[in-house]
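Breakdown of the fold
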Amino acid sequence: MNFELILVNPAYAAHIALIQLNRPKELNALNLQLMLELKQALSQLDDLEEVRCIIITGNQQAFAAGADIKQMESKNAIDLLKIDQFETWDQIRKTKKPIIAAVSGFALGGGCELAMTCDMIIASESAKFGQPEIKIGIMPGAGGTQRLTRAIGKANAMEMVLTGKFISAEEAQRMGLVNRVVPEEIYLDEAVKLAKEIALMSPIAIRLAKESVNKAFESGLQEGLYFERKNFYMTFASEDQKEGMNAFVEKRKPIFTGK
Ligand code: HXC
C-alpha cells in the first residue's frame, strides 16, 4: 500500500491498521489527492480480512488543519460541484470496520470533520478542535454542522461554527466530542489499546453494531420520535408496566418478571 501523502501500515499491531496523514509542512491540510488516497486505503483495508480496526492519525503538531485553502482559493461553486469531493468523504463514512481517530495538535475545519467521521476519537492533551471556516468567509462542508451538533449540542456547536473558536482537548471531552484525553506521549498507544479491545470481539458483531449505532445518527427526528412512541406504547403491553406503576401507587418496591 504505497501512497504519496499518507503512510499506511496494514499490520501496525495484530489486526490493527494504521493510516498516518503525511503532509507535515502543511499541517496535514487535506488536499484532493490526500483525500482520494485516504479513501482508497480505507477501501483496501476494509477488504483485508486480518484487519479488524483502523486508526487514522496525523503527527503531534496536527491531525489536520482543514481542507487545503490554497487549493480551494480560486475555485468557484461550479468547480466544486464538478470536483464532487464529497463523494470521497461519503465513501470514507461507509467504511465497515471501526475507525479510531488519534488526534494531537490541530483538528480544524475538514480536519475536525474527518475526526468526527471516524467512530471514536482519542485526543492528546495538546489537541485543538475547531470549525474556523467562518473566518475565511465560508462554512463547514464535510458534515461539521451536522456531526458537531449531534456530538456537542446546539449551543456549543453554534458557538464554535459561528465564531470559529478552537476548543481544547479537555473542553472537547467535557462536551462529549472525544472518548478521552491522554498525555501527548501516549495518545497513539491509547488508540491502539482501544483498537486491540475491539479487535478481540466478533468482527461480524462489530460490523453490525457499528452500523446500528450509526443508524441513530442517520434517522431524522420525526422518524426517531415515531419509533420511540411505538416502543413506549409497547411497554404498556407488559405485566412489568402494571407491576411498576402499581408498586408506585402502593408505595412498595416493584418485582419485575420480564413479562
Ligand atoms: C492550506 C495550510 C492550512 C490549510 C495550514 N496551512 N493550514 N495550507 N490549507 N487549511 C499551511 C500554512 O499556509 C503554512 O504554510 C503551514 O501550513 C504552517 O501553517 P502556519 O499558519 O504558519 O502555522 P501556525 O501559525 O502555527 O498556525 C496554525 C493554524 C493556521 C492556526 C492551524 O495554519 C490556520 O489557521 N490554518 C487554517 C485553518 C482553517 O481555516 N481550516 C479550515 C479550512 S476550510 P506556508 O507555506 O505558508 O508556511 C475547510 C473546509 C472543509 O476545512 C470543507 C470540506 C472539505
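Per chain, the residues get numbers from 1 upward, laid out in the order the sequence is written. In keeping with the predicted nature of the model, local features appear solely for residues at pLDDT of at least 70, side-chain atom pairs appear and are counted solely at 80 or more, and the whole-chain, interface and lining totals rest on all residues. Hydrogens and waters are ignored; side-chain quantities use all the structure's heavy atoms.

1. Concerning empty space enclosed by the protein
How we decide: Each cavity reported here is a set of points on a 1 Å grid over the protein atoms alone in which a 1.4 Å probe fits but cannot get out, each pocket an open set with protein on both sides within 12 Å along at least five of seven lines, and each lining residue one with an atom within 4 Å of a point. Grid points are joined across faces, edges and corners, and a volume is the space filled by probe spheres set on the points. Counting from the N terminus, the helices are DSSP H or I runs at least four residues long and the strands are E runs at least two residues long. All amino acids are sorted into three groups, where Ala, Val, Leu, Ile, Met, Phe, Trp, Tyr, Cys and Pro are nonpolar, Asp, Glu, Lys and Arg are charged, and the leftover types, Gly among them, are polar.
This model, assessed by the stated rule, comprises 1 cavity of 30 Å³ or more. A volume near 80 Å³ is recorded for the largest cavity. Lining the largest cavity are Leu30, Asn31, Leu32, Ala67, Asp68, Gln71, Met72, Lys75, Leu80, Ile83 and Gln85. Of all the elements in the fold, those that place two or more residues in the lining of the largest cavity are α2 (69-72) and α3 (77-83). In the lining of the largest cavity, the residues fall into 6 nonpolar, 3 polar and 2 charged.

2. Side note on the pairing of strand β7 (residues 120-124)
The line we're drawing: Each residue's exposure class comes from its accessible area (1.4 Å probe, protein chains only) as a fraction of the maximum for that residue type: buried when under 20%, exposed when over 50%, partly exposed otherwise. The pairing criterion is simple: DSSP has to find at least two bridges between the two strands.
Most of β7 is tucked away, with 5 of its 5 residues classed as buried. Here 4 bridges tie strand β5 (residues 99-103) to β7, and the two strands are oriented parallel to one another. For Ile100, the partnering residue across the bridge sits in β7 and is Met120.

3. Details of the packing of helix α5 (residues 110-117) against helix α6 (residues 144-152)
To keep it simple, the criterion reads: Fitted lines through C-alpha atoms serve as axes, helices being fitted only where they are in contact, and the angles separating the N-to-C directions of these axes extend from 0 to 180 degrees. In these notes the angle categories are as follows: under 35 degrees is roughly parallel, over 145 is roughly antiparallel, 65 to 115 is roughly perpendicular, and the rest is oblique. Here a crossing is taken to be left-handed if its near helix is turned anticlockwise relative to the far helix by less than a right angle, and right-handed if that turn runs clockwise. When checking whether two residues touch, look at their non-hydrogen atoms; a contact exists if any pair is within 4.5 Å.
At a minimum axis separation of 10 Å, α5 and α6 run at an interaxial angle of 60 degrees. Judged by the inter-axis angle, α5 sits oblique to α6. Helix-helix and strand crossings are classified by hand; for α5 and α6 the assignment is left-handed. Listed contacts from α6 to Glu113, Met116 and Thr117 of α5 are Gly144, Arg147 and Leu148. Here the contact of α5 with α6 is composed, by residue class, of 2 nonpolar, 2 polar and 2 charged.

4. Comments concerning helix α7 (residues 154-163)
Structurally, the α-helix is built with 3.6 residues per turn, so residues lying three or four positions apart point the same way. Quick reminder of the rule: The directions considered for the arc are those from the helix axis to the C-beta atoms.
Buried residues of α7: Ala157, Met160 and Val161, and no others. Along the axis of α7, the buried positions cluster into a sector of 90 degrees, meaning they face one direction only. Turned more than 90 degrees off the buried face of α7, the exposed positions are Ala155 and Leu162. Lining the buried residues of α7 we find β8 (128-130), α6 and β9 (166-168). At the exit of α7 stands Gly164, carrying a positive phi of roughly 75 degrees.

5. Digging into unusual backbone geometry
Not every positive phi belongs to a glycine, and His15 is a case in point at roughly 70 degrees. Positionally, His15 belongs in the loop between β1 (6-13) and β2 (16-21). With relative accessibility at 33%, the residue His15 sits in the partly exposed group. In the Ramachandran plot, Leu27 falls in the positive-phi region, its phi being about 55 degrees despite a non-glycine side chain. Its location among the elements puts Leu27 in the loop between β2 and α1 (32-47).

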